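Architecture at a glance
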Amino acid sequence: MLDNLPRGTICIEDIEMGMSRHLQKVVTDEDIEMFAQVSTDRNPVHLDDDYARDTIFEGRIAHGMLTAGLISAVIGEQLPGHGTVYMGQSLKFLAPVRPGDMVRAEVTVTDIDPARRRVKLDCACLVDGRKVLVGEATVLAPSRKFD
């Protein structure tokens, strides 16, 4: 995995509008298999080449929630990072992610409510510079006062 900053915690007191973090990861066949195992989603469009070839995707694709999980990794590891609690997430899937694709997951701060420790983040996943997933997350950020 390739990212732009080390893991850890950015407390609500230090979060700024426009702050952004990202990571990049190649989605592998093993990732898709493991996600199918953990989620119990064994839809053949993810696992069976012959089946997937005859779908609108014309080949296997990664689970959408596997891709979305990369956003969770940025939020939980970088911004705000360790101690963050998800409050909500909207997602819109724009294009498939295929085995072997390098996915860039990125989040950007769009709103901060320091009194309630809430942070809104614009979220996106890109493959070859093209957005494949967009959304917005609301999280409860850690605070030096409480944690």
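Now for a look at the structure at hand. Just so we're clear, the structure is a prediction, and the values are computed from it rather than from any experiment.

1. Some thoughts on helix H4 (residues 64-77)
Owing to its 3.6 residues per turn, the α-helix brings residues three or four apart onto one side. The end-to-end C-alpha distance of H4 is 20 Å, a good match for the 20 Å that 14 residues give at a rise of 1.5 Å each. Taken as a whole, H4 has its buried residues at Leu-66, Thr-67, Ala-68, Leu-70, Ile-71, Val-74 and Ile-75. Buried residues along H4 sit in contact with strand E2 (20-26), helix H1 (29-39), strand E3 (85-93), strand E4 (102-113), strand E5 (118-127) and strand E6 (130-140).

2. Things to note about H1
Those residues of H1 that fall on the buried side of the exposure criterion are Asp-31, Ile-32 and Ala-36. Looking straight down H1, one finds that the buried residues subtend no more than 135° of arc, so they occupy a single side. Facing away from the buried surface of H1 by more than 90 degrees, the exposed residues are Glu-30, Gln-37 and Val-38. Close packing links the buried residues of H1 with E2, helix H2 (44-47) and H4. Count one or two residues on from H1 and you reach Thr-40, which has phi positive near 65°.

3. Quick notes on the state of the cysteines
Here, the word disulfide means a covalent bond between the sulfur atoms of two cysteines. Within the structure shown, the criterion is met by zero disulfides. Here Cys-11 stays free of any disulfide, with the sulfur of Cys-123 as its closest cysteine sulfur at 20 Å. Cysteine Cys-123 remains unbridged, with the sulfur of Cys-125 as its closest cysteine sulfur at 8.3 Å. A relative accessible area of 1% means that Cys-123 is categorised as buried.

4. Observations concerning the nonpolar core
The biggest cluster of nonpolar side chains holds 31 residues, and the ones touching the most others in it are Ile-71, Val-107, Val-119 and Leu-121. Those elements that provide at least two residues to this core are H4, E4, E5 and E6. With residues near it in sequence (within four places) discarded, Leu-121 still touches Ile-75, Leu-79, Pro-80, Val-107, Thr-108, Val-109, Thr-110, Gly-135, Glu-136, Ala-137 and Val-139.

5. Some words on the pattern of salt bridges
Counting across every chain of the model gives eight salt bridges. A salt bridge links Asp-29 to Arg-60, with the nearest nitrogen and oxygen atoms 2.4 Å apart. With Asp-29 in helix H1 and Arg-60 in the loop between helix H3 (49-53) and H4, this pair connects stretches of sequence that are 31 residues apart. We classify Asp-29 as partly exposed; its relative accessible area is 43%. For Arg-60, a relative accessible area of 15% gives the class buried.

Criteria and thresholds
Residues numbered from 1 in each chain as written. Predicted model: local features only at pLDDT ≥ 70, side-chain atom pairs only at ≥ 80, totals over all residues. Heavy atoms only, no water. Helix = DSSP H or I, 4+ residues; strand = E, 2+ residues; numbered from the N terminus. Expected span 1.5 Å × (residues − 1). Buried < 20%, exposed > 50% of the residue type's maximum accessible area, 1.4 Å probe, protein only. Contact = heavy atoms within 4.5 Å. Arc of directions from axis to C-beta. Disulfide = S-S within 2.5 Å. Core = buried A, V, L, I, M, F, W, Y, C linked by side-chain atoms within 4.5 Å. Salt bridge = Lys/Arg side-chain N within 4 Å of Asp/Glu carboxyl O.

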